[in-house]
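Examining the three-dimensional arrangement
One letter stands for each residue in the lines below.
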Amino acid sequence: MHEKIDQSEENCAEVINQLVEDEPGIVQVNLNPAEHQLSIDYDPAQIDPVRVDELSQAMTPLLSQRWEKCTLRLGRQGGRACESCALGLERRVGRLPGVQRVSASYMGGMLSIAFDGAQTNAQDITRHITQMGVDVRSSAAAETETAVPDTISLPSNRRQMWEWFSHNTEAIFTIITFVSMFAALFLNYQEAPAWLVVGLYGVAYIFGGYYGLKGGVESLRQRTIDVDLLMVLAAIGAALVGEFFEGAMLLFLFSLSNVLQDFAMDRTRHAIRALMQLRPSTARIMRGDREIELPIEEVNIGDLMIIKPGDRIALDGLVVAGESSMDQSAITGESIPVAKQNGDLIFAGAINQTGSLDVRVTKLAKDSTIARLIQMVEEARSEKAETQRFIDQAEQYYALGVIILTALFIVIPPTVLGVPFDDAFYKAMTILVAASPCAIVISTPATVLSAIGNGARRGVLFKGGIYVENAATIRVIAFDKTGTLTVGKPQVTDIHPLADVAEDELLALATAVESKSEHPLAQATIQAANSRGLVVPEVRSFNSVTGMGVRAEVDGRQVQIGSLRLFAGQQLAGFEMAQSVVAKYQDEGKTSVVVADGESETAAGRVLGVIAYADVIRPDASQVIADLRRRGIEHMVMLTGDHERVARHIAEAAGVDELFADLLPEDKVTAVKRIQEKYGPTIMVGDGVNDAPALAVADIGMAMGAAGTDVALETADIVLMGDDLKNIPYVIGLSKQTRRTLVVNLTFAISAIVVMLLLIIFRELPLPIAVLGHEGGTVLVSLNGMRLLRYRE
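Not measured: the values here are computed from a predicted model.

Some remarks on helix H21 (residues 621–630)
- Every buried residue belonging to H21 is among Ala621, Val624, Ile625, Asp627 and Leu628, and all of these are buried. One side of H21 carries all its buried residues, which in axial view fall inside an arc of 160°.
- Those residues of H21 hidden inside the fold are in contact with strand S17 (476–480), helix H17 (481–485), strand S24 (635–639), helix H22 (644–654) and helix H26 (727–763).
- A positive phi of about 100° marks Gly632, the residue just after H21.

Some thoughts on the sheet that holds strand S19 (residues 539–545)
- An order of S18-S23-S22-S21-S20-S19 is seen for the six strands of this open sheet, with the pairing classed as antiparallel. Bordering the open sheet on either side are strand S18 (491–497) and S19, each of which pairs with just one other strand. Across the sheet, the mean angle separating the axes of adjacent strands is 20° when strand polarity is ignored.
- In the packing of helix H18 (residues 503–514) onto the sheet, contacts are made with S18, S19, strand S20 (549–554), strand S21 (557–562), strand S22 (591–597) and strand S23 (606–614), and the angle to S23 comes to roughly 80°.
- Strand contacts of helix H19 (residues 520–532): S18, S22 and S23, with the helix running at about 75° to S18, the strand carrying the most contacts.

Some points on the pattern of salt bridges
- The full count for this structure, using the stated rule, is 24 salt bridges.
- Glu293 is the salt-bridge partner of Arg284, the closest N and O atoms lying 3.9 Å from each other.
- What makes Glu293 partly exposed here is its relative accessible area of 48%.
- Between Asp480 and Lys668 there is a salt bridge; the shortest N-O distance is 2.7 Å.

Notes on the confidence of the model for the protein chain
- Of all residues in the protein chain, 79% attain a pLDDT of 70 or more, and the chain-wide mean is 79.
- Contacts of residues 144–157 to residues separated by more than four positions or lying in other chains number 34 contacts, the stretch itself having pLDDT below 50.

Some details on the packing of H18 against H19
- At their nearest, the axes of H18 and H19 sit 9 Å apart, and the two run at 135° to each other. The orientation of H18 with respect to H19, classified from their angle, is oblique. For H18 against H19, the interelement crossing comes out left-handed. Of the residues in H19, those touching H18 at Glu503, Asp504, Leu507, Ala510, Thr511 and Glu514 are Leu521, Ala522, Thr525, Ile526, Ala528, Ala529 and Arg532.

Side note on the side chain of Asn727
- In this structure, Asn727 sits in helix H26.
- You can call Asn727 buried: its relative accessible area is 3%.
- Here Arg458 takes part through its side chain, which lies 2.9 Å from a polar atom of the side chain of Asn727.

Quick word on empty space enclosed by the protein
- A full pass over the atoms with the stated rule returns five cavities of 30 Å³ or more.
- In this structure, the second largest cavity occupies an estimated 60 Å³ of space.
- Of all elements in the fold, only helix H15 (438–457), H26 and helix H27 (767–786) reach the threshold of two or more residues within the lining of the second largest cavity.
- Here the lining of the second largest cavity is composed, by residue class, of seven nonpolar, five polar and no charged.

So, the packing of aromatic side chains
- According to the stated counting rule, one finds 11 aromatic pairs in the structure shown.
- With a centroid separation of 4.9 Å and an interplanar angle of 85°, the aromatic rings of Phe173 and Phe207 are classed as edge-to-face. Of this pair, Phe173 sits in helix H6 (residues 169–189) while Phe207 sits in helix H7 (residues 194–221), and the two are 34 residues apart along the sequence.
- Plain terms: the ring middles of Tyr201 and Phe244 are 5.9 Å apart, the flat faces sit at 20° to each other, and that makes the pair stacked. Of the two residues, Tyr201 sits in helix H7 while Phe244 sits in helix H9 (residues 244–268), which places them 43 residues apart along the sequence.
- Taken together, the aromatic side chains of Phe173, Phe207, Tyr210 and Tyr211 make up a single cluster linked through ring pairs.

A short note on the pairing of strand S9 (residues 304–307)
- By the alternation rule, side chains of S9 split into Leu304 and Ile306 and Met305 and Ile307, which are all buried.
- Relative to strand S15 (residues 357–361), S9 runs antiparallel, the two sharing four bridges. The residue bridging Ile307 from the neighbouring strand is Leu357, located in S15.

Looking at the environment of Glu218
- When you line up the elements, Glu218 lands in helix H7.
- For the pair Glu218 and Leu229, spaced 11 residues apart in the sequence, the C-alpha separation amounts to 9.8 Å.

Remarks on the environment of Ala716
- For Ala716, the location among the structural elements is in the loop between helix H25 (710–715) and strand S28 (718–720).
- Beyond its immediate sequence surroundings of up to four residues, Ala716 is in contact with Lys463, Gly701, Met702 and Ala703.

Section: the nonpolar core
- By size, the foremost hydrophobic cluster in this structure holds 52 residues, and its most contacted members are Met181, Leu230, Leu250 and Val433.
- Other than its neighbours up to four places away in sequence, Leu230 contacts Ile225, Ala399, Val402, Ile403, Leu432 and Ser436.
- Counting 42 residues, the second-largest nonpolar core is a separate cluster that includes Ala654, Ile683, Val685 and Met702.

Quick word on unusual backbone geometry
- The backbone of Glu191 sits at a positive phi, close to 55°, despite the residue not being glycine.
- By secondary structure assignment, the location of Glu191 is in the loop between H6 and H7.
- On the basis of relative accessibility, which here comes to 72%, the residue Glu191 falls in the exposed class.
- The phi dihedral of Glu764 is positive, around 55°, even though this residue is not glycine.

Things to note about H6
- Along its 21 residues, H6 runs 31 Å from first to last C-alpha, staying within 8% of the 30 Å computed at 1.5 Å per residue.
- Regarding H6, the residues found buried are Glu170, Ala171, Phe173, Thr174, Thr177, Ser180, Met181 and Ala184.
- A positive phi of about 55° marks Glu191, the residue just after H6.

Some points on the pairing of strand S7 (residues 282–287)
- With six bridges connecting them, S7 and strand S8 (residues 290–295) associate as antiparallel partners. Within S8, the residue paired with Ile285 across the bridge is Ile292.
- Once S7 ends, the chain turns through two residues before running back antiparallel as S8, passing Gly288 with a positive phi of about 70°.

Section: the sheet that holds strand S25 (residues 658–660)
- Judged by pairing direction, the sheet is mixed, and its seven strands sit side by side in the order S16-S28-S27-S26-S17-S24-S25 without closing on themselves. Each edge of the open sheet is held by one strand with a lone partner, namely strand S16 (460–462) and S25. Averaged over all pairs of adjacent strands, the angle between their axes in this sheet comes to 20°, without regard to strand direction.
- Taken together, the five bridges between S17 and S24 define a ladder with parallel strand orientation. Bridge pairing links Phe479 to Met638 in S24.

Conventions adopted
Residues numbered from 1 in each chain as written. Predicted model: local features only at pLDDT ≥ 70, side-chain atom pairs only at ≥ 80, totals over all residues. Heavy atoms only, no water. Buried < 20%, exposed > 50% of the residue type's maximum accessible area, 1.4 Å probe, protein only. Helix = DSSP H or I, 4+ residues; strand = E, 2+ residues; numbered from the N terminus. Arc of directions from axis to C-beta. Contact = heavy atoms within 4.5 Å. Pairing = 2+ DSSP bridges. Axes fitted to C-alpha atoms, helices over the stretch in contact; angles between N-to-C directions. Salt bridge = Lys/Arg side-chain N within 4 Å of Asp/Glu carboxyl O. pLDDT = per-residue confidence, 0-100. Parallel < 35°, antiparallel > 145°, perpendicular 65-115°, else oblique. Left-handed = near helix turned anticlockwise from the far one by under 90°. Polar contact = N/O pair within 3.5 Å; in protein donor to acceptor, adjacent residues only side chain to side chain. 1 Å grid on protein atoms, 1.4 Å probe; cavity = no way out; pocket = protein on both sides within 12 Å on 5 of 7 lines; lining within 4 Å. Points joined across faces, edges and corners; volume = space filled by probe spheres on them. Nonpolar A, V, L, I, M, F, W, Y, C, P; charged D, E, K, R; others polar. Phe/Tyr/Trp six-rings, centres within 6.5 Å; stacked < 30°, edge-to-face > 60°. Core = buried A, V, L, I, M, F, W, Y, C linked by side-chain atoms within 4.5 Å. Expected span 1.5 Å × (residues − 1).

Here it is in C-alpha cells:
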C-alpha cells in the first residue's frame, strides 16, 4: 500500500528550510545527520544571535529523526473531487504521530506524506488513513506494467470512447437522466397520466442526483460545503415550486459537466500512465550460464542483464560489454539516439536500437530512474499552486455566503416587498445555481495539472504546481558554468605545431601516447583523433609521471606529453617558444600540454608542438540566453569555481550580464542570496551535485541533465532530465502560458457569475439559462486549461 524512499537528509533539509526561509540574515545551514551535526552561517548585522540560537534549538531535534516519505493514490472523495476535503485530510493526517508534512489533492488524486521513521512507518500511516474512510492505493511507482491503472485508459478513437463511457457509471447515469427528462417532457405535452410524468422525472432526479447527493453528504462528513450539495439543493428547490423540468435539466447538465471534467482530468493523468507503460515487467538475466526471464522485482543489484536490439530497458545499469545506440527520449527528452558503450549508464524505459549489450544492474526496480520519475510526477500532483490553495481555502467561506444570499432572497422579497413566495423561491434557486463556484474551483487544477503533464512528456519534472506558477514571476537566472553553459568535459580547441610536423601527425602521436591514460585530457585527445579519422600508431613502454604527464615509445621515438614541469632540466629545441604559446593559451583560459621528442642516439630532443584544451561553451548557449531575454528574463548571472580569467571568456561568449568567479560551493549560496536581494526572485540552474546548496537556497532550483543524479532529483524544484539548455526557455514559456491561462480562466469564471447574478436580479434570467451558463462555464475553463497539454514553444 505504499512506496517508500530510502532514508536521507533531504526531507529533514526540507523541514529545516521551512524554518529558516523567512529569516533574514541566515546565509547557510550545514546539515550532517550521520554525525548529528548542524551549523548555521549568519550575518549578525541582519539577525540577532539570540534568534539564531532559538532556531538552532528548534532544528537540533530534527537530527535524530529518520525522515522518510510515502506517496499514495487517492480515490474520489466528495463532489467535484472536493479540494476542500483535501485540506481537511491534510489536517487529520498531520495530527498522526511522527507525521511532519502532508500534501493532498483529490483533483490530482495523490497524497504525499513526510514522516519520522523512528516514530511510525508507511504501513501504520496507511492503516490510519484507511480507518478514516479514505480510499487510498499504492503509488504507481511501486507497480509493474501489468498492474491495473487507477483510471481507465485514454480513449483515442470512437470505439475506445464508447468503451470509456460504457465503463463510466456516472456517464451511464447521465444518459438515463437525459432520456428520462425528455421523455417526461414529451409525455407531459401529450397529456399523459401525471403519475407517469412524475415517475419519469423521479428517475431523472435519482440518476442525475445520485453522485451529487453522494458527494455532498461525503463533504458534509468532512465538515465542508461542496458545490455538489448546492446543485442538489437547487434541483430540489425547483421541484418544490413545480419546475420539475428545470430541476432535472440542472442535474443532467451538472452530471454531464462532471463526466466531461473527469474525462478532461483523465487526460492530465496520462503522463503517469505513459511513464508506467515505459517500464517492462520482466528482464532477461544471466543465471550461471543460462539466460532467464525474471520479474523486475526479483532482479538484484549486480545481476547481468542481457539487452537485445529493440528491447525496452527494464532496469538502470552500467554497460559492461557491447555497443549500441539508445532512444532515451521518453526519459530525458533527447530527440536523437545516444551512443552507448562500455562504462556508460543506461536508464530504465529507454529503447535499445542497434546492438546487443551486457548491462550490470545498478539499481533495484523501486529505485530506478523511471520509478523515481513516476513518484516525482505523482508528488507534483499533490503539491498545489498558490492560487489553487487560496481558492480551496476561500471556497468554504464563499459557499457559505452563497447559501446565506440564497436564504435572504427566499425570505426578504416575500416578507418585505410582497413578492409571491414561489417567484422569490424560484429566483433564489436561480441565484444558488449561478453563484456556485464550480468554474472557479476547477480553473486552477485543470490548468496546472495539464502543464505538469506537458512537462513530464518532455522530460521536465515540476515538483509541484507552485513552481509551474512561480516560474513566470522570475526575472533573474543564475547559471552554474561547468556542465550547464559549458559542455562539462574538456575538448581539444587548438593544435599548434612547433616543428616540421603537421597538425594531424602531432595529434596522432599524442593520441598514441595518451591512449593508455584515463585522464580527462587524454580522453579529449582520443576523441579529437577519432573525429578526424586518424590512424594511430602502436605504442610501447608506456610510463606515467604523476601530476606532470606521460612518456611512451612510438615507432621507435620517445614521445613525452605533459605540463611544462615535465620538461624541467631537459635541453629541448623550441622549449622557449612552447612556453610563450602555453602562456598565450593560459591567458585565453585554456589548459595546455606540450608534446616533445626525447633525446636519442641520432637526434637531440625537440618540442613538436602544443595542444590546448578547454571546457567549451555549448553551441546553443548564446541563443538560449537571447531567447530567455525575449521571454522577459532581465538579468542573467554565471557562477563558477574557476578563476575569473578562465570564466570571463565563457561569460562573454554566452552573453550573461554578470560573473561570480573563484566560488566554493558555500560561496555560491552567498552569491545567490546577494542576487536575490539585488534583483528579486531567482532561478538557479546547475547539475544538482556540487551546486546542490545553491539550488536549495534559490527561489526555484533547476537541475539540468539529472537523469542519473539522485541528489539532483531530490534537491531541485524543477528537474530537466535531458542535457539540453533549450528546456530552460521552454519552462519559462510554459509557466508564463500557464499564468496567462489561469488569469483568463479566473476572469471568465468570476465575470460569468457576476453577469448572471445581475441578469437574475434585474432581468429575471430563467433557471435553465443559469444552469447552461454555470455548467458551460465549468466545461469551458476545463477545456481551456487542457490546451496546455498541447503547448509547444
